[in-house]
Amino acid sequence: MELNRTTTSCALWWRTEETAVKVRVDPAKCQAHGECTTHCPEVFRLDDWGYAYTDGDGQVPDGLEESAQSAVEACPEAAITSEP
Ligand code: SF4
């Protein structure tokens, strides 16, 4: 595929804050296994007790969508949801 100005503009338009992948940890389900930080340490953090959280609104930085999805699938408590 030939990359031209139109396709570049479309790609930039598609990746807006509204369409970016977001993840959320349900603190009621998290049991501090730490699998999420193994799969995607750039997005998931652990507090002093080992429970997971995300910075800000959980927006996944460009290029980390696959590792964030791996973290979602690896969580043994199904405590992480992603959207869209
Ligand atoms: S893998 Fe799941 S249960 Fe374990 S710390 Fe991460 S969110 Fe919590």
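As the structure is a prediction and not an experimental result, all values here were calculated from the model.

Novice: I'd like to hear about the overall build of the protein chain, residue by residue, with values.
Specialist: When its secondary structure is counted, the protein chain shows 3 helices and 4 strands. Starting at the N terminus, the α and β elements of the protein chain follow one another as α-β-α-β-β-α-β. Counting the 84 residues in the protein chain, one finds 20% classified as buried. Counted over contacts in the protein chain with a minimum sequence separation of 6, partners at least 24 positions apart contribute 63%.

Novice: Summarise the site of the ligand; cite the residues concerned and give the values.
Specialist: With respect to spatial proximity, 13 residues lie near the ligand, and among them Cys30, His33, Glu35, Cys36 and Cys75 are the closest. Residue classes in the shell around the ligand are distributed as 8 nonpolar, 3 polar and 2 charged.

Novice: How would you summarise the nonpolar core if you had to cite specific residues and measurements?
Specialist: Of all hydrophobic cores here, the largest spans 15 residues; its most connected members are Cys36, Cys40, Val43, Phe44, Ala68, Ala71 and Ile80. At the level of secondary structure, the elements contributing two or more residues to this core comprise strand E1 (22-25) and helix H3 (65-74). Setting aside residues up to four positions removed in sequence, Cys36 forms contacts with Phe44, Ala52, Ala71, Ala74, Cys75 and Ile80.

Novice: A description of unusual backbone geometry should follow, citing residues and the corresponding values.
Specialist: Along the chain, Glu83 connects to Pro84 via a cis peptide bond; the corresponding omega equals 0°. Residue placement: Pro84 occurs in the segment after strand E4 (80-83). Despite not being glycine, Ala32 has its phi angle at roughly 65°, a positive value. As for its placement among the helices and strands, Ala32 is situated in the loop between E1 and helix H2 (35-39). Of the residues examined, Ala32 has 12 C-beta atoms within 10 Å and is grouped as exposed.

Novice: Summarise the confidence of the model for the protein chain; cite the residues concerned and give the values.
Specialist: For the protein chain, the mean per-residue pLDDT works out to 85, and 79% of the residues sit at or above 70. For the protein chain, per-element mean pLDDT is lowest for helix H1 (residues 5-14), which scores 43, and highest for strand E2 (residues 44-46), which scores 98. Throughout residues 1-14 the model reports pLDDT below 50, and contacts reaching past four residues in sequence, or to other chains, amount to 2 contacts.

What counts and what doesn't
- Residues numbered from 1 in each chain as written.
- Predicted model: local features only at pLDDT ≥ 70, side-chain atom pairs only at ≥ 80, totals over all residues.
- Helix = DSSP H or I, 4+ residues; strand = E, 2+ residues; numbered from the N terminus.
- Buried ≥ 20, exposed ≤ 12 C-beta atoms within 10 Å, placed from the backbone.
- Contact = placed C-beta atoms within 7 Å.
- Near = placed C-beta within 6 Å.
- Nonpolar A, V, L, I, M, F, W, Y, C, P; charged D, E, K, R; others polar.
- Core = buried A, V, L, I, M, F, W, Y, C linked by C-beta atoms within 7 Å.
- pLDDT = per-residue confidence, 0-100.

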